[in-house]
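A look at the structure
Listed below, chain by chain, are the residues.
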Amino acid sequence: MTSEEILKSDGCHGLERPTAREIVDTLAATLSDTGVLDGFTWRLRTSARRRTVGVTIERDATVTVTVPAGSGLGQLVPVLRAKRPWMIRRTAERAQRLGEHPVKQIVTGENFPYLGRSQRLLVRDGQAIPVRRRGGRLCLRAMPAWDGARAIIDWYTRTATAWLDPRISPWAGRVGISPAQVRVSDPGRRWGTAKPDGEVTLHWALFQLRPVLVDYVLVHELVHLAEPRHGPQFWDRLDRTLPGYEERRDRLAEDGRYVWLGDIQGQ
Ligand SMILES: [Zn+2]
């Protein structure tokens with residue numbers, strides 16, 4: 001693991017101090033030596049906001065360990081040792097789900113669902129704009145597969161941004177929060193992120209799923225602006241805004257496994 005990867009892995013609610021890189025490098029190296037994370041792909045982050053050690057199992061079955069700024073190994077190792085059985089179980093579950101995200105082909109007839117509805121691709125020569133929707137089909141100008149995939153991802157991002165825009169205020173009002181910005185992008189291993197500065201990001205791939213599931217992620221992240229951690233207050237507030245949210249959460253965990261994340265064949 002390089003230090004650059006550590007700094008890039010900017011998660012939900014972390015803030016890096018200027019010296020974080022050195023602290024993390026040193027701590028990660030010594031942590032490696034203890035062997036307590038042997039068998040896992042992991043990264044270490046520090047967070048000025050945290051008071052306790054946090055362990056997150058990411059969608060790609062990697063482990064993110066978040067430690068309070070300035071903490072040392074003495075605090076970290078016992079926590080990780082205690083959590084190890086849980087980490088093994090959760091990473092195995094995640095790993096099992098990983099292979100289910102489809103690898104698509106950029107060819108006519110391939111399905112690129114949008115908001116829960118199937119949408120067949122039509123590849124054709126000479127189309128003026130790279131991607132457009134027409135009569136329920138997604139029309140792509142003929143181009144190399146990687147460029148085509150990129151263009152389709154851009155289409156999801158743009159179209160989802162426009163669709164999401166009018167939904168933000170009503171949901172934010174119900175949560176009782178004013179986000180600084182809500183955008184559609186690629187927050188990596190998460191469906192959404194919420195940062196302390198009020199910026200919420202939703203994953204472009206999420207918009208392949210039904211609107212009720214998109215709303216769940218939007219509301220989940222909006223609630224995070226008020227309650228950064230998954231504590232009882234977080235779930236209470238989510239439940240007040242979105243009664244019966246559990247059904248959506250479980251459905252997202254299930255349907256989210258089959259969402260296209262941009263992997264393609266045949267280039
Ligand atoms: Zn969350």
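Residues numbered from 1 in each chain as written. Predicted model: local features only at pLDDT ≥ 70, side-chain atom pairs only at ≥ 80, totals over all residues.

Our focus in this paragraph is the domain arrangement of the protein. By the assigned domains, the protein splits into domain 1 (3–98) and domain 2 (104–265). A straight line from the C-alpha centre of domain 1 to that of domain 2 covers 27 Å. (Domains from an automatic or database assignment.)

Before going further, it helps to examine the confidence of the model for the protein. Close reading of the predicted structure is inappropriate where its pLDDT is low. Residues at a pLDDT of 70 or more form 91% of the protein, whose mean pLDDT is 88. Of all the helices and strands in the protein, helix α1 (residues 3–8) carries the lowest mean pLDDT, 36, while strand β10 (residues 199–203) carries the highest, 98. Taken as a whole, residues 1–18 scores under 50 in pLDDT and shows 37 contacts with residues more than four places along the chain or in a different chain. (pLDDT = per-residue confidence, 0-100. Helix = DSSP H or I, 4+ residues; strand = E, 2+ residues; numbered from the N terminus. Contact = placed C-beta atoms within 7 Å.)

Below, the discussion takes up the sheet that holds strand β3 (residues 63–68). Note on sheets: strands pair through backbone hydrogen bonds, and any given pair is parallel or antiparallel. Taken in spatial order, the three strands of this open sheet run β1-β3-β2, and their pairing is mixed. A single partner strand is all that each edge strand has here, and the edge strands are β1 (42–47) and β2 (54–57). For this sheet, the mean angle separating the axes of adjacent strands, direction not counted, is 20°. The pairing of β2 with β3 spans four bridges and is classified as antiparallel. If you follow I57 over to β3, its bridge partner there is V63. (Pairing = 2+ DSSP bridges. Axes fitted to C-alpha atoms, helices over the stretch in contact; angles between N-to-C directions.)

Right, let's talk about the pairing of β3 for a bit. Along any regular strand the residues' side chains alternate between the sheet's two faces. For β1 and β3, the ladder comprises six bridges, and the chain directions are parallel. Residue pairing for β3: L44 is matched across the bridge by V65. Joining the antiparallel neighbours β2 and β3 is a turn of five residues, in which A61 adopts a positive phi near 70°.

So, about the packing of helix α4 (residues 145–175) against helix α5 (residues 211–226). Contact geometry for α4 and α5: axes closest at 10 Å, N-to-C directions at 50°. Accordingly, the angle class assigned to the pair α4 and α5 is oblique. In this structure, α4 crosses over α5, and the sense of that crossing is right-handed. Along its contact with α4, which presents R167, W171, A172 and V175, the element α5 presents D215, L218, V219, L222 and V223. Of the residues in the contact of α4 with α5, the class split is seven nonpolar, no polar and two charged. (Parallel < 35°, antiparallel > 145°, perpendicular 65-115°, else oblique. Left-handed = near helix turned anticlockwise from the far one by under 90°. Nonpolar A, V, L, I, M, F, W, Y, C, P; charged D, E, K, R; others polar.)

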